[in-house]
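Remarks on the overall topology
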Amino acid sequence: MAVAGLVSAPAFAQSNVTVYGVADAAVGFGGHGDNDFSGIVSGVLSGSRIGFKGTEDLGNGLKAVFTVEQGFDIGNGNEHIAGKQFSRQAFVGLGGSFGTVSLGRQYAPGYFFNYDAVLGALVSPQSILSSNGGLTITPNSAARWDNSVAYTGSFSGLTARAIYSMNAVETDPNPNDDDAYGLSLDYANGPLSVGGVYQVVQNNAEDQQEWGIGAGYDFGVVKLTGSYQAFDGLGFVKGAEGDLWQVGLIVPVGAAGNVHLAYGEYDRDDLNNRGAESWTVAYTHALSKRTTAYVGYNSTENESGTNGFGLVAGSTGDLGDDSDLFVVGLRHTF
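A brief report on the enclosed structure follows. Computed from a predicted model, the values in this text were never measured in an experiment.

This part covers helix H2 (residues 125-132). Side chains that are three or four residues apart share a direction in an α-helix, a result of its 3.6 residues per turn. Most of H2 sits out of view: 6 of its 8 residues are buried. Among all positions of H2, only Pro125, Gln126, Ser127, Ile128, Leu129 and Ser130 are buried. At its buried positions, H2 is contacted by strand S12 (223-232), strand S13 (241-253), strand S14 (257-269), strand S15 (274-286) and strand S16 (291-302). If you check the start of H2, you find a side-chain oxygen 3.2 Å away from the backbone N of Gln126, and it comes from Ser124. Where H2 ends, the next residue or the one after it, Gly134, has phi of about 80°, a positive value.

Spelled out as C-alpha cells, the structure:
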C-alpha cells in the first residue's frame, strides 16, 4: 500500500454529457381543395426531438465534441424519418479557438439561414415554400447532409460555416454525382443581423446551385426581417430556375408575447412553370423560460397548374387550390 501511494494517479480530462429535447404539439384544422385536416400537428415552432451532446476537455484549449439527435412525431411517437435513427444530427469533432471541425450527419449552412419573422417554424412561409419547392436552403431535412465534414467558427459577431458531403463509394461512370457543398457568413451586432449562403448539390441530370441573402433589424417596437434566395437547376427538374423571397415583422406585446407576420412568394421557370404565395400570422407567449404557448394561421395559394404547396396535402385534381392550416399549441424545451 505504501508503494502504491507513491504512484501518481492518472489525470483524467473533465467531460460532460447533456440530455436535451423539445416536445412541441398543436391541435390543427385546415384543408387543401377537397382534402380536410383535423388532428395533432407535431413540431410547429420547433421539431420535437431528443438528443445527447457532450464535450471533453483535452487540454491546451482543445476539446472533443459530439451530438446525436433523434426527431419524432409527438402525435404518434413515430420516427422523424422512418427507419433512420438520429435523423436530425449525428456527429463527432474537435473544437477550439479556431472553431469546430466535425464529421457525420450535419446541418448544411442553409439550415441556419433564418432571417424569418416566424423563426423557421413549420407555419413559416419561407419554410413552406423552400421545402415544397425542393430547395436545400431551408430549415428542413433537405439541409441535413450525410457523410459530411463541417466547420463552424464565430469571431466577434461573425459566424462562418462550411460543409462538404461526399459519396460513401465513388463509382464510374459518374463519380461525385451526388456530392454537395456549401458555405455561409452571418454577422450580428446589436439590433442588426445580415448574412449570405451558397450551396451546390451535384446530380447526374443537373447540378442544383442555390444562394441567398438576408437581413434583420430590431427597432425595439418592431423587428423587420427579410430574405431573397435563388436557384439554378433542381436535379429532378431539368432546366428549372427561380427564386423565393419573403418579408416579415415581429411586434412585442408586453414582456412575454410577440405577434409574427410574414409573407413570401416562390416562382419556378421551366417547361411547367410553378409558383405559390404564402402568408402567416401568429402569436407566441412565453409561459416560462422553457415553455411557450402559440396560435397561428397559414394560407398558401398555389398558382394555376400548381399543386402540393402548403401544410395540408392536396389531391391530384386540386391544381391552383389554396392550402390553409390553423394551429393552437404548446412547446416545451428541456
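Text resumes after the structure shown.
Enumeration over the complete set of coordinates arrives at 11 aromatic pairs. With a centroid separation of 5.7 Å and 65° between ring planes, the pair formed by Phe113 and Tyr115 is classed as edge-to-face. In this structure Phe113 comes out as buried when scored by relative accessible area, which is 5%. Tyr115 gets classed as buried once you look at its relative accessible area, which sits at 8%. Between Trp245 and Tyr263 the ring centres are 5.7 Å apart and the planes differ by 55°, which places this aromatic pair in the tilted class. Linking Trp245 in strand S13 with Tyr263 in strand S14, this pair joins segments that are 18 residues apart in sequence. Note on Trp245: relative accessible area 29%, which makes it partly exposed. Among the aromatic residues, those joined into a cluster by ring pairs are Tyr107, Tyr111 and Phe112. Its end group placed over the ring of Phe112, Arg161 keeps NZ or CZ at 4.0 Å from the ring centre.

This paragraph deals with the pattern of salt bridges. Counting across every chain of the model gives 5 salt bridges. A salt bridge links Glu69 to Arg88; its shortest N-O distance comes to 2.6 Å. Here Glu69, found in strand S4 (residues 62-71), pairs with Arg88, found in the loop between S4 and strand S5 (89-96); they are 19 residues apart in sequence, far enough to count as distant. Glu69 sits in the buried class, given a relative accessible area of 2%. We classify Arg88 as buried; its relative accessible area is 4%. A salt bridge links Asp186 to Arg161; its shortest N-O distance comes to 3.4 Å. Highlighted residues: Asp186 in strand S9 (residues 180-189) and Arg161 in strand S8 (residues 158-165), separated in sequence by 25 residues. When sorted by exposure, Asp186 lands in the same class as Arg161, which is buried.

Among the structural elements, Asn140 can be located in the loop between H2 and strand S7 (144-155). Side chain to side chain, Asn140 and Ser127 meet in a polar contact 3.3 Å long. If we ignore the near neighbours within four places in the chain, the residues touching Asn140 are Tyr111, Ser127, Ser130 and Ser131.

Rules behind the numbers
Residues numbered from 1 in each chain as written. Predicted model: local features only at pLDDT ≥ 70, side-chain atom pairs only at ≥ 80, totals over all residues. Heavy atoms only, no water. Buried < 20%, exposed > 50% of the residue type's maximum accessible area, 1.4 Å probe, protein only. Helix = DSSP H or I, 4+ residues; strand = E, 2+ residues; numbered from the N terminus. Contact = heavy atoms within 4.5 Å. Polar contact = N/O pair within 3.5 Å; in protein donor to acceptor, adjacent residues only side chain to side chain. Phe/Tyr/Trp six-rings, centres within 6.5 Å; stacked < 30°, edge-to-face > 60°. Lys NZ or Arg CZ within 6 Å of the ring centre and 35° of its normal. Salt bridge = Lys/Arg side-chain N within 4 Å of Asp/Glu carboxyl O.

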